[in-house]
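Coordinate analysis (summary)
Here is what each chain is made of, one letter per residue.
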Amino acid sequence: MRASDLLKSRPEGLYCPPGDFFIDPVRPVERALITHGHSDHARSGHRSVLATQETLDIMGLRYGEDFAGTTQAATLGETVDINGIAVTFHPAGHVLGSAQIAVEHGGMRIVASGDYKRQKDATCLPFEPIRCDVFITEATFGLPVFRHPPDHEEIARVLKSAAQFPERSHLIGAYALGKAQRVMRLLRDAGYDRPIYIHGALAKLSDYYQSQGIDLGRLEPGTVESGAKADFAGAIVVGPPSAFADRWARRFPDPISCFASGWMRIRQRAKQGGVELPLIISDHADWDELIVTIKETGAEEIWVTHGREEALVRWCELEGIAARPLHLVGYEDEGD
Amino acid sequence: MNRFAELLDRLVLTPSRNGKLTLLTDYFRSVEDPDRGLALAAITGDLTIAAVKPAMLRALVVERMDPVLFGYSYDYVGDLAETVSLVWPQPQGHIPNHVPTLAEVVGRLQAASRSDGPKVLARLLDDASISARFAIIKLVTGGLRIGVSARLAKQALADLGKVDVAEIEELWHGLAPPYTELFAWLEGRAEKPRSAALALFRPVMLSNAVDDGDLEKLEPADYAAEWKWDGIRVQAVCEGGVRRLYSRTGDDVSGAFPDLAAAMTFEAALDGELLVGDPREATGTFSDLQQRLNRKSVSPKIQQQYPAFMRCYDALQINGEDLRALPFAERRKHLEAFVEALDPSRFDLSPLVAFSDWETLERLRQAPPHPIIEGVMLKRWDSPYLAGRPKGPWFKWKRDPHTVDAVLMYAQRGHGKRSSFYSDYTFGVWAGPEGAEELVPVGKAYFGFTDEELREIDKYVRDNTIERFGPVRSVRADRKNGLVLEVAFEGLNRSTRHKSGVAMRFPRISRLRWDKPAAEADRIETLQALLDR
Ligand SMILES: [Zn+2]
Ligand SMILES: [Zn+2]
């Protein structure tokens, strides 16, 4: 079987004709397999959804319990038969519940990575490289300039700054699913044991992470009721990046705005966004991780999606690996 | 090296002065000699390292990676130093076993000959982290551009040692990197270094603005008045054959004014205003003076067309005698006698303005005899020459600022404390024929309003946004809708860079005119008339 007969791009998303299912479709479809809970991958309104239990739970929290007609939980490493196609979910190391999806038929195995990273992350299972014929890789940070430093070094910079400026508050912008919880967990692992104040938009998902055994320590709402302006002196506050341009941010004393994102690698990005303390913490693979992963899958062919394809395709050419961009619409990397 | 790199990374993104000072003092406190002194020299521009050209840097990197991948990267990042620091490939199997100190980096770069400079640089980059690579490249390509002036760095030193910044400035030109004796003194481990060098800068005396009600409390007979010239405040110092012309912050500007420096053939330290023209005939305007500013080199033609001269205000030292403790009246006598003997095409005396009461002086102030006068100075006859800005002995009484009614066009989010507010405003005035008026931007202001007014404007901006680009919002502004701002400014210059043809000096928001319809804001002709005056 040819790879392009097993999976192809359609306006709705990546489609498997013999199995009659989509992976991460951007429009409502009959049957959807979903890699993880970020809103550009997991949408509501499908007739049936197959995903890990955590991803199903997260979708329920974000869209309400009736987000799909029927749901089925996929167990990592266990193969499910869909219309004669063997489908297996494997951990992707991106956010809690995230998975790669391996699709196999007639001696041809394609792995769709979804979003992934290789740095270790205490809030989700680590990525497992799967041998395959075709590897569909994301390329959010597919340029040699993106090299993420170890996350604990970045968190150490926040704690150092908090000690240097004890009268000010530190506002960390981090996306609501995954990044925010990872940042909180990193703070705990670095020994920070004061309460962390959070924006309301993070409450549900953070509670869910805690219920799954991921200890985030004491979280308190970052609201006026929690205290007067002076009470937030020295506080660390986590919220979605969009909230920091809002009136919400004014309740904190002389805040230092921090933003946890792989984009913070580029100084101009930090400058334009008015970020004073950029934290290069990403849930996506950086350049070095992308090329290591491509090699580890042993794939003879790489399809590049989701971001900056041209550099990664060029690198594959230089390495003698067949590669092409796979144009899928509608993905906007909510997670970084 | 990593601590220096981290300091640069933080400074460039920290907007507030106090934040920068904290970062700098913490660095000086926690880093040992000689690294901290070299960092200080790098920031103040006193570190000399042979420069590496951008083309050389690019050549080094494409020897080591695919040029196409480098091209994609450079296109994306836009800054060569940053791109190279990010993509620099560490040699296969190369694990640096030692992070070089700043002193080692500087030492190796300074010892490198012209021909092996690139190789030395490459080896340093191999051993460095990404941030450190960026810092190293900035050191060798010249210009850190971190938004920290030499003055601010000296203020951080003053904070560190709890001494007056004037003491540091007075010492500065006699010291050299890595300033170990300076740090030893600031940390209380050694005596204050003695200023051995000649022709050092003396910290200048500054004035306070006259506030409402100030004059009623002052006795006119206690004060001398003189014109406040709007040139560049300078200090000319000659000692034992060394001549220096300093700016008011102690930067040596002799190189930019070789014609004036050549005429400094005396033994003295004089305080005055640098202006252009021939003092015996005519003093140039501010636009004339601008011809001499911000130039890398000054051609003989420009020097001839716009000769620099010094209008003297004060004498700090004459023939080895320090006059600073004498009263102004005495110093003035010394100054008058001394300037008499100097080259009259390069030096003259700032004349005193005779007056008997404040009303007389007020009338004179309103109608100064030259456009480059921006007000009057009041100096107590009995005041010694004191460093800094003591309250009482010297006042500046400026000409009232000009005002114009303009319409708010764009607002940009502020920094730090103000990052959740739209606090930087671009405003415009009307241009074009009747019935087809259009707003042309004439300036940008980000102060002059109260916190309460800031909140009101911020709300107005949010409620009237028509377009957004990044941190900037375009605000509804037409004949029927728009917020009128009364903008005060000190003067106007002709500008070819602005569409309106004018550039304002020191614009600030003086009043919010919620009451005024946008269509009644001023027209560009009002500003043009000011230009031609
Ligand atoms: Zn994604
Ligand atoms: Zn994602």
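Residues numbered from 1 in each chain as written. Chains lettered and ligands numbered in written order. Predicted model: local features only at pLDDT ≥ 70, side-chain atom pairs only at ≥ 80, totals over all residues. Heavy atoms only, no water.

Residues and elements named next belong to chain A. Ligation of the zinc ion (ligand 2) by protein atoms is provided by His36 (NE2), His38 (ND1), His94 (NE2) and Asp115 (OD), these donors lying 2.2 Å from the ion. Taken together, the 4 donor atoms coordinating the zinc ion (ligand 2) and their angles of 89 to 166° define a geometry best described as irregular. Here the zinc ion (ligand 2) and the zinc ion (ligand 1) are spaced 3.6 Å apart, and both take Asp115 as a donor. Taken together, the residues His36 in the loop between β4 (31-33) and β5 (46-52) and His94 in the loop between β8 (85-91) and β9 (99-105) connect sequence positions 58 residues apart. In this structure His36 comes out as buried when scored by relative accessible area, which is 0%. (Donors = N, O, S within 2.8 Å, 3.2 Å for Na, K, Ca; no water. Tetrahedral: all angles 85-135°; square planar, octahedral: opposite > 155°, others 65-115°. Helix = DSSP H or I, 4+ residues; strand = E, 2+ residues; numbered from the N terminus. Buried < 20%, exposed > 50% of the residue type's maximum accessible area, 1.4 Å probe, protein only.)

Bringing the sheet that holds strand β2 (residues 223-229) of chain B into the picture now. Residues and elements named next belong to chain B. Strand order in this open sheet of 4 strands is β1-β11-β10-β2, and the pairing throughout is mixed. Of all the strands in the sheet, the pair left with one neighbour each is β1 (208-209) and β2. Judged from the 5 bridges that link them, strand β10 (residues 373-380) and strand β11 (residues 394-398) form a sheet pairing that is antiparallel. Counterpart to Leu378 in the pairing with β11 is Phe395. Of the strands in this sheet, β2, β10 and β11 are in contact with helix α16 (residues 328-340), which crosses β2 at around 55°. (Pairing = 2+ DSSP bridges. Contact = heavy atoms within 4.5 Å. Axes fitted to C-alpha atoms, helices over the stretch in contact; angles between N-to-C directions.)

What follows concerns the pairing of strand β10 (residues 108-112) of chain A. All names here are of chain A. Of all the 5 residues making up β10, 4 are buried; the element is thus mostly covered by neighbouring parts of the structure. Where β9 meets β10, 5 bridges bridge the pair, whose relative direction is antiparallel. Note that in β10 the partner of Ile101 across the bridge is Ala112. With 3 bridges connecting them, β10 and strand β11 (residues 134-139) associate as parallel partners. Among the inter-strand pairings, Val111 is bridged to a residue of β11, identified as Phe135.

All names here are of chain B. Throughout the structure, instances matching the rule amount to 26 aromatic pairs over all chains. Consider the rings of Phe266 and Phe347, whose centres lie 5.6 Å apart with planes at 80°: the pair is edge-to-face. Taken together, the positions of Phe266 in the loop between α13 (258-262) and β5 (268-278) and Phe347 in strand β9 (residues 347-349) put the pair 81 residues apart, joining distant regions of the chain. Classification of Phe266 by relative accessible area gives buried; the value is 9%. Of the residues examined, Phe347 reaches a relative accessible area of 3% and is grouped as buried. (Phe/Tyr/Trp six-rings, centres within 6.5 Å; stacked < 30°, edge-to-face > 60°.)

Since the α-helix turns once every 3.6 residues, residues separated by three or four places project in the same direction. Residue and element names in this part refer to chain A. Along helix α5 (residues 203-211), the residues that are buried comprise Leu205, Ser206, Tyr208 and Tyr209. Seen end-on, α5 carries its buried residues on one side only, within an arc spanning 155°. In α5, the exposed positions angled more than 90 degrees off the buried face are occupied by Lys204, Asp207 and Ser211. Phi for Gly213, located one or two positions after α5, is positive at around 85°. (Arc of directions from axis to C-beta.)

Let's shift gears to the side chain of A:Asp121. Residue and element names in this part refer to chain A. Residue placement: Asp121 occurs in the loop between β10 and β11. Using a relative accessible area of 10% as the deciding quantity, one classes Asp121 as buried. At 2.7 Å, the side chain of Asp121 and the side chain of Thr123 are in polar contact. Here Asp121 is in contact with His94, Arg182 and Asp283, once residues within four sequence places are set aside. (Polar contact = N/O pair within 3.5 Å; in protein donor to acceptor, adjacent residues only side chain to side chain.)

Attention now goes to the interface of chain A and chain B. Each side of the interface is counted separately: chain A has 40 residues, and chain B has 39 residues. Here chain A packs against chain B, burying approximately 3400 Å² in sum over the two surfaces, 55% of which is carbon and sulfur. On the chain A side of the contact with chain B, A:Arg250, A:Arg267 and A:Glu276 bury the most area, a combined 21% of that side's loss. Viewed at the interface, chain B and chain A are joined by 5 salt bridges. (Buried area = accessible area lost by both parts, 1.4 Å probe. Salt bridge = Lys/Arg side-chain N within 4 Å of Asp/Glu carboxyl O.)

Once that is clear, we can look at the domain arrangement of chain B. Size of an interface, as often reported, equals the accessible area lost when the parts are brought together. Entries for chain B in the domain assignment read domain 1 (2-141), domain 2 (208-398) and domain 3 (402-531). When each unit is reduced to the centre of its C-alpha atoms, the spacing between domain 1 of chain B and domain 3 of chain B is 41 Å. (Domains from an automatic or database assignment.)

Here we come to the coordination of the zinc ion (ligand 1). The coordination sphere of the zinc ion (ligand 1), as far as protein atoms go, consists of A:His41 (NE2), A:Asp115 (OD) and A:His306 (NE2), spread over 2.1 to 2.5 Å. Donor residues binding the zinc ion (ligand 1) come from one chain and are separated in sequence as H-x73-D-x190-H.

Residues and elements named next belong to chain A. Domain parsing of chain A yields domain 1 (3-145 + 284-325) and domain 2 (151-279). For domain 1 and domain 2, the distance between their C-alpha centroids amounts to 30 Å. Contacts between the two partners involve 19 residues from domain 1, matched on the other side by 17 residues from domain 2. Each partner contributes to the roughly 1600 Å² buried at the junction of domain 1 and domain 2, and carbon and sulfur atoms together form 67% of this total. Taken together, the connections running from domain 1 to domain 2 amount to 1 salt bridge. Across the salt bridge formed by Arg182 and Asp121, the nearest N and O atoms sit 4.0 Å from each other. Run the count over domain 1 and domain 2 and you get 6 residue pairs in polar contact (both at pLDDT 80 or more).

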